[in-house]
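Results of the structural survey
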Amino acid sequence: QVQVVESGGGLVQAGGSLRLSCTASGPIFSINSMDWYRQAPGNQRRLVATITRIGSTYYADSVKGRFTISRDDAKNTTYLQMNSLKPEDTAVYYCRAMIRTWKEGWNAYWGQGTQVTVSS
């Protein structure tokens, strides 16, 4: 069974940095895009950043120039380096990976989320 697990969240002061990690495990044949979403209380879950299998990236306007997404395919892992954090970045951050398993086709797998809190 495929599992996606995030880590690296925590409490940080405004202007600080955090690095989130997301690792997929299980009967994985291939991973296509890997994404980071976030959801603040009372808000919808929104896309923050995406990285494709060939390394193309996309960022939401609100994080451009501050966040960097990367991936290590040997480890089935994606990272989100978050710099110059602002209180409005406070949210639960979720990882989503488009994974093809040996027995099934492509499916989206979500992690359980990791809390990021930025104090002013």
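To keep things clear, this report deals only with the structure shown in the data block.

What counts and what doesn't
Residues numbered from 1 in each chain as written. Predicted model: local features only at pLDDT ≥ 70, side-chain atom pairs only at ≥ 80, totals over all residues. Heavy atoms only, no water. Buried < 20%, exposed > 50% of the residue type's maximum accessible area, 1.4 Å probe, protein only. Helix = DSSP H or I, 4+ residues; strand = E, 2+ residues; numbered from the N terminus. 1 Å grid on protein atoms, 1.4 Å probe; cavity = no way out; pocket = protein on both sides within 12 Å on 5 of 7 lines; lining within 4 Å. Points joined across faces, edges and corners; volume = space filled by probe spheres on them. Nonpolar A, V, L, I, M, F, W, Y, C, P; charged D, E, K, R; others polar. Salt bridge = Lys/Arg side-chain N within 4 Å of Asp/Glu carboxyl O.

So, on to unusual backbone geometry. In the Ramachandran plot, Asn76 falls in the positive-phi region, its phi being about 50 degrees despite a non-glycine side chain. Of the residues examined, Asn76 reaches a relative accessible area of 23% and is grouped as partly exposed. Its identity as a non-glycine residue notwithstanding, Ser84 has a phi of 50 degrees, on the positive side. Of note, Ser84 is situated in the loop between β8 (77-82) and β9 (91-101).

By volume, the largest pocket amounts to about 170 Å³. Residue lining of the largest pocket: 14 residues in total, with Arg38, Gln44, Arg46, Ser62 and Glu88 positioned closest to the centre. When contributions to the lining of the largest pocket are tallied by element, the ones reaching two or more residues are β4 (28-39) and β5 (46-51). At three residues, the largest contribution of residues to the lining of the largest pocket is made by β5. When grouped by side-chain class, the residues that make up the lining of the largest pocket number six nonpolar, five polar and three charged.

Once that is clear, we can look at the pattern of salt bridges. Under the definition given, this model contains five salt bridges. One salt bridge connects Asp89 with Arg38, and the closest N-O pair in it is separated by 2.9 Å. Placement of Asp89 in the loop between β8 and β9 and of Arg38 in strand β4 is noted, with a sequence separation of 51 residues between them. Residue Asp89 is classed as buried on the basis of its relative accessible area, which comes to 1%.

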